[in-house]
Amino acid sequence: MAKIKIFDTTLRDGEQSPGVNLNLAEKLVIAEQLEKLNVDIIEAGFPAASKGDFQSVQQIARTIKNSSVTGLARAVTSDIDTAWEALKDGAEPRIHVFLATSPIHRQYKLKLSKEQVVERAVSAVAYAAKRFPVIQWSAEDACRTELPFLAEIIEEVIQAGAQIINIPDTVGYITPNEYGEVFQYLKNNVPSIDKVSLSTHCHDDLGMATANSLAAIENGATQVECTINGIGERAGNASMEEIVVALHIRNDHYQERTRINLKEISRSSSLVSELTGMVVPGNKAIVGRNAYAHESGIHQDGVLKEKTTYEIISPELVGYVNNNNMVLGKHSGSHAFKTKLQELELQVKEEDVKNLFIAFKDLADHKKEISDEDIIAIVLENKLAKEEKYYELVEVKVQHKNDNEADAVVKLSGPKNELIIQHGTGSGSVEALYNTLEMSISGQVTLNDYRIQSLGAGRDALAQVFVRVQYDQKESTGRGLDQDVLIASAKAYINAINRAILAKEQFLEKV
């Protein structure tokens, strides 16, 4: 079977999802999970976009060793120079250069003729080839580009040094049959096409991203660009989990394989959902909570007799079922805790184990049984706790009155380590809490989004809160985790404020 390379763009195209704003620590955690997932290429970001993006790409490139790390660049020398500085320390530096080719982009966005577009693309690829050992070139909006012109520019960039040619369906416009025909046309009309690998990058505006990606594979693509949970701009990108599981389950048809560790899919999906605040729909293929549930009596009867009557994918395949019966609780010792960390294959530094065990014991004092999700959350929170904090939560108290109004008292440690104590009211606990927090913070805050979900099951499950706020003319996101919903809500709010302040400082440094 042929091998299909998985090019994951969760940290670049995925992060462009509206309302998603990952910091360096969060991006690094996701990148490490993608490496564990056995992704071939990780697109870590757009280095020239901002100082934060540059630092993230650079740190990921220096950290990840078993996946190739790449960064996006426009077809301009400054972008390519910046990408090289960010990626040069990676195990296999590669660059992803793009330029729009469709008539609508040439006329309205680039304001360039066909000849000028070809000249700019060739010049950029040739310039990149002076430094990068691997160069990928993308024809933005390729699927609305005249095929003769698409073939012409692809031949030129191949001659200039591109080794991978990406054919994006940038706006999710094309159908599977049409997309397959594009690949066939290029194979028949680009003289040097056999010297390069063909890649596919599909958006889901018409709900056909996965189908289009698979059609591209059937017609010669050997690399698929996709994201965890299908996140991305507008309706999102092709979903990695859907593509790799489809290739696995229907290998009789596609005769293709990937090197993805399928058992890491569920954990990867949960991690990306938690850090982006984008909840996975219950009916989402492969990773939705209902993907392996059966309510119909006929279905239940069939599954009880033989699972394959209604389940073509087992939950075990993608890592959903844990058969280990060792349950951790407040009486568990450090040895049992370390053993659980190893079983869950969590990468933890030896010097962090002590603090993690203390956090585990603290949670166990309030929670009868600690689930695997709880352990994973403790480790994740420890990894993300190292980010700079300007405001820090000290104490929260909320009381209800008879007229449904609530009183809140908040104690914070401020930017200069001063103690801030504030009292406020509101119609309900969360409103009272957030009104009080806003009075405690220097500057105007507008809450644009507030979401809460449980981590795990049971009445003592951890609460995870995600917020999006407007602070000092900048939108920022934050997340908080705690067994108490109000404390989790406060943590999320403060996290968003801290991130907004840090982003502003980084911007001022760049200026």
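Note that this is a predicted model, so its numbers are computed, not measured. Starting afresh in each chain, residues are numbered from 1 along the sequence in its written order. A pLDDT threshold of at least 70 governs which residues receive local features in this predicted model, and a stricter bar of 80 or more applies before side-chain atom pairs are shown or counted, although totals over entire chains, interfaces and linings include all residues. Water and hydrogen atoms play no part in the side-chain values, which are based on all heavy atoms of the structure.

**Notes on the overall build of the chain**
At step 1: For the purposes of this entry, the term helix denotes a DSSP run of H or I that reaches at least four residues, the term strand denotes a run of E that reaches at least two, and both are numbered from the N terminus. Tallying secondary structure elements over the chain gives 17 helices and 16 strands in all.
At step 2: With the radius of gyration taken over C-alpha atoms, the globule rule is written as 2.2 Å times the number of residues to the power 0.38. In terms of overall size, the chain behaves like a compact globule, its C-alpha atoms giving a radius of gyration of 25 Å where 511 residues would be expected to give roughly 24 Å.
At step 3: Each principal axis of the C-alpha atoms in the chain carries an extent, and together these give about 75 × 65 × 45 Å.
At step 4: Burial classes follow relative accessibility: with a 1.4 Å probe on protein chains only, a residue under 20% of its type's maximum area counts as buried, one over 50% as exposed, and anything between as partly exposed. The buried share of the chain, reckoned over its 511 residues, is 53%.
At step 5: Contact between two residues is taken to exist if any of their heavy atoms lie within 4.5 Å; hydrogens are not considered. Residue pairs at least 24 apart in sequence account for 66% of intrachain contacts in the chain once pairs closer than 6 positions are excluded.
At step 6: As displayed, the chain has an accessible area near 23300 Å², and 48% of this comes from carbon and sulfur atoms. Throughout, the Shrake-Rupley method with a 1.4 Å probe supplies accessible areas, and for residues the shown protein chains are the sole cover considered.

**Description of the pattern of salt bridges**
At step 1: In what follows, salt bridge is the name for a side-chain nitrogen of Lys or Arg lying within 4 Å of a carboxyl oxygen of Asp or Glu. The final tally for this structure, using the stated rule, is 32 salt bridges.
At step 2: Between R259 and D40 there is a salt bridge, and its shortest N-O distance comes to 3.0 Å. Placement of the pair is R259 in the loop between β10 (256-257) and α11 (265-276) and D40 in the loop between α1 (24-36) and β3 (41-45), with a sequence separation of 219 residues.
At step 3: We classify D40 as buried; its relative accessible area is 9%.
At step 4: Taken together, the shared-partner salt bridges in this structure form one network comprising D449, R451, R468 and E475.

**A word on the sheet that holds strand β4 (residues 68-74)**
At step 1: Strand order around the closed barrel formed by 8 strands is β2-β3-β4-β5-β6-β7-β8-β9, with parallel pairing between neighbours. Taking each pair of neighbouring strands and ignoring which way they run, the sheet shows an average axis angle of 25°.
At step 2: Inspection of the sheet shows strand β7 (residues 164-169) paired to strand β8 (residues 197-202) by 6 bridges, in the parallel sense. The residue bridging N166 from the neighbouring strand is S199, located in β8.
At step 3: Across the sheet, helix α3 (residues 77-87) touches β4 and β5 (94-100), and the angle it forms with β4 is around 160°. Between any two strands, at least two bridges found by DSSP are needed for them to pair. All axes here are fitted lines through C-alpha atoms, helices being fitted over the stretch that makes contact, and every angle between N-to-C directions spans 0 to 180 degrees.

**Observations concerning the sheet that holds strand β16 (residues 474-482)**
At step 1: Here 3 strands make up an open sheet; going across it, the order is β14-β15-β16 and the pairing antiparallel. Each edge of the open sheet carries a strand with a single partner, namely β14 (445-455) and β16. Taking the axes of each pair of neighbouring strands and ignoring which way they run, one obtains an average angle of 15° across the sheet.
At step 2: Sheet analysis places β14 next to strand β15 (residues 462-471), joined by 10 bridges and oriented antiparallel. Within β15, the position partnered with T446 by the bridge is Q470.

**Points about the UniProt feature "domain: Pyruvate carboxyltransferase" (unreviewed entry) in the chain**
At step 1: UniProt positions are given in the numbering used here, feature names are shortened, and annotations may be inferred rather than shown by experiment. Per the UniProt entry, the sites bearing "domain: Pyruvate carboxyltransferase" (unreviewed entry) are residues 4-266 in this numbering.
At step 2: For residues 4-266, the end-to-end C-alpha separation is 21 Å, with 43% helix and 18% strand making up the annotated structure.

**Topic: the UniProt feature "binding site: Mn(2+)" (unreviewed entry) in the chain**
At step 1: UniProt's entry tags D13, H201, H203 and N237 with the feature "binding site: Mn(2+)" (unreviewed entry), counted in the numbering of this structure. Sequence-wise these annotated residues cover 225 residues; spatially they are packed, their C-alpha atoms never more than 10.4 Å apart.
At step 2: Mapped onto the elements of the fold, D13 is located in the loop between β2 (5-8) and α1.
At step 3: Within the element layout of this structure, N237 appears in the loop between β9 (223-226) and α9 (240-249).
At step 4: In this view, N237 contacts T9, D13, H201, C202, H203, D204, A209, T227, G230, I231 and G232; residues no more than four positions away in its chain are not counted.
At step 5: Any N or O atom pair separated by 3.5 Å or less is treated as a polar contact, with the protein-specific requirement of one donor-capable and one acceptor-capable atom, and with residues adjacent in sequence counted only for side-chain atom pairs. Within polar-contact distance, the side chain of N237 engages the side chain of H201 at 3.4 Å.

**So, the packing of α11 against helix α15 (residues 372-384)**
At step 1: Here α11 crosses α15 at 50°, and the two axes come no closer than 12 Å. With respect to α15, the element α11 is oriented oblique. The two elements α11 and α15 meet at a crossing, and its hand is right-handed. On α15, the residues that touch R267, L271, E274 and L275 of α11 are I376, L380 and L384. Here the word oblique covers every angle except those under 35 degrees (roughly parallel), over 145 (roughly antiparallel) and from 65 to 115 (roughly perpendicular). Whether a crossing is left-handed or right-handed is set by the direction in which the near helix is turned from the far one by less than a right angle, anticlockwise for left-handed and clockwise for right-handed.

**Observations concerning the environment of I104**
At step 1: For I104, the location among the structural elements is in helix α4 (residues 103-110).
At step 2: Residues I104 and G232, spaced 128 residues apart in sequence, show a C-alpha to C-alpha distance of 22 Å.
At step 3: When near neighbours in sequence (up to four residues on either side) are disregarded, I104 contacts K109, D141 and R144.

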